[in-house]
Amino acid sequence: MIQLLNSEKDNLISAKISGKISRDEVEKLHPLIHDIIKKGKKVDFFFEMEDFEGYTLKGFWEDIKLDTAHISDYGKMVFVGERKWQEWAAKATDFFTKSEIKFFEMDNKEDAKQWINA
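Calculation notes
- Residues numbered from 1 in each chain as written.
- Predicted model: local features only at pLDDT ≥ 70, side-chain atom pairs only at ≥ 80, totals over all residues.
- Heavy atoms only, no water.
- Pairing = 2+ DSSP bridges.
- Helix = DSSP H or I, 4+ residues; strand = E, 2+ residues; numbered from the N terminus.
- Axes fitted to C-alpha atoms, helices over the stretch in contact; angles between N-to-C directions.
- Contact = heavy atoms within 4.5 Å.
- Buried < 20%, exposed > 50% of the residue type's maximum accessible area, 1.4 Å probe, protein only.

Trainee: Quick question: what am I supposed to make of the sheet that holds strand β2 (residues 12–21) here?
Mentor: Consider a sheet: its strands pair through backbone hydrogen bonds, and that pairing is either parallel or antiparallel. As summarised here, the arrangement of the five strands in space is β1-β2-β3-β4-β5, forming an open sheet in which the pairing is mixed. A single partner strand is all that each edge strand has here, and the edge strands are β1 (2–5) and β5 (100–105). For this sheet, the mean angle separating the axes of adjacent strands, direction not counted, is 20 degrees. When strand β4 (residues 74–81) meets β5, the two strands line up parallel, connected through six bridges. Paired with F79 across the two strands is F103, which belongs to β5. Along the sheet, helix α3 (residues 57–69) makes contact with β2, β3 (43–55) and β4, crossing β3 at roughly 165 degrees.

Written out as structure tokens, the structure is:
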């Protein structure tokens, strides 16, 4: 599930991610991304992963399509997680975007917010 979080920053999509992410969940991000791009800004992301189990196959495919379609529209991405494989997944995202990407352990969530200026 993707639960959107409030953010003061107008080009930041902030969300808590848990469970398995489906195609429908990823598709909910499309209009948010397009609204930021229309403002002439790069899209920044803050993803807090708690009990995140990964994607369904269709969810993974949709995420790859979304990232490759907007490869030059993304700014910074920060992933806050609790498992080593989540750090690896965050690093793998770098392959699909031109973003500056960082991973922080859950204990360092405030450092992550400061890095992304949330």
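Trainee: Even after reading the chapter, I still don't get the environment of F47, so can you show me in this structure?
Mentor: Counting through the fold element by element, F47 comes out in strand β3. Given a relative accessible area of 8%, F47 falls into the buried group. Taking C-alpha positions, F47 is 7.8 Å from M77, a pair spaced 30 residues apart along the chain. When residues no more than four places from it in sequence are discounted, the contact partners of F47 are A15, I17, V78, F79 and V80.

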